[in-house]
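Each chain is listed here by its residues.
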Amino acid sequence: MCNESGNTNTLAGNVPPKANLGDMRGLAGGLNGLNTSSMIDGGDFDGAKAYKDSKVCNMLTMQEFHRRYHDETGIKVTSIPHNLYTKQLKVHKEGT
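Calculation criteria
- Residues numbered from 1 in each chain as written.
- Predicted model: local features only at pLDDT ≥ 70, side-chain atom pairs only at ≥ 80, totals over all residues.
- Heavy atoms only, no water.
- Helix = DSSP H or I, 4+ residues; strand = E, 2+ residues; numbered from the N terminus.
- Contact = heavy atoms within 4.5 Å.
- Areas by Shrake-Rupley, 256 points an atom, 1.4 Å probe, with all protein chains shown as cover.
- Phe/Tyr/Trp six-rings, centres within 6.5 Å; stacked < 30°, edge-to-face > 60°.

A.B. asks: So what about the overall build of the protein? Which residues, and what values?
C.D. replies: Along the protein, the regular secondary structure elements total 3 helices and 0 strands. Going from N to C terminus, the protein has its helices and strands arranged as α-α-α. The contacts in the protein between residues at least 6 apart in sequence include a share of 40% that link residues at least 24 apart. Accessible surface computed for the protein: about 7200 Å², of which carbon and sulfur atoms make up 56%.

A.B. asks: Tell me about the packing of aromatic side chains, and please be specific about residues and values.
C.D. replies: Evaluated as defined, the whole model comprises 1 aromatic pair. Between F65 and Y69, the ring centres sit 6.2 Å apart and the planes meet at 50°, which makes this aromatic pair tilted. Placement of both F65 and Y69 in helix α2 (residues 47-73) is noted, with a separation of 4 residues, approximately one turn of the helix.

In structure tokens:
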């Protein structure tokens, strides 16, 4: 996984609260907001954890898109940290 906030091999990934989707019980009640949690793991809302969890969900979604569509289309799907992407654009634009 490329995102630092969801990667326990990085400093950012070890700063509490850690990303953790648990058993995804927060999605069990659907998206109507009734009898459900605003957190994927079913816990109380925590903005920093919600952010980290969302990054993990984005990475898992990209992995699933790649698994489903790569063989059929040849399209490679991946996730990269925004700071790496921005740095590469700057290097390409400035030619440095």
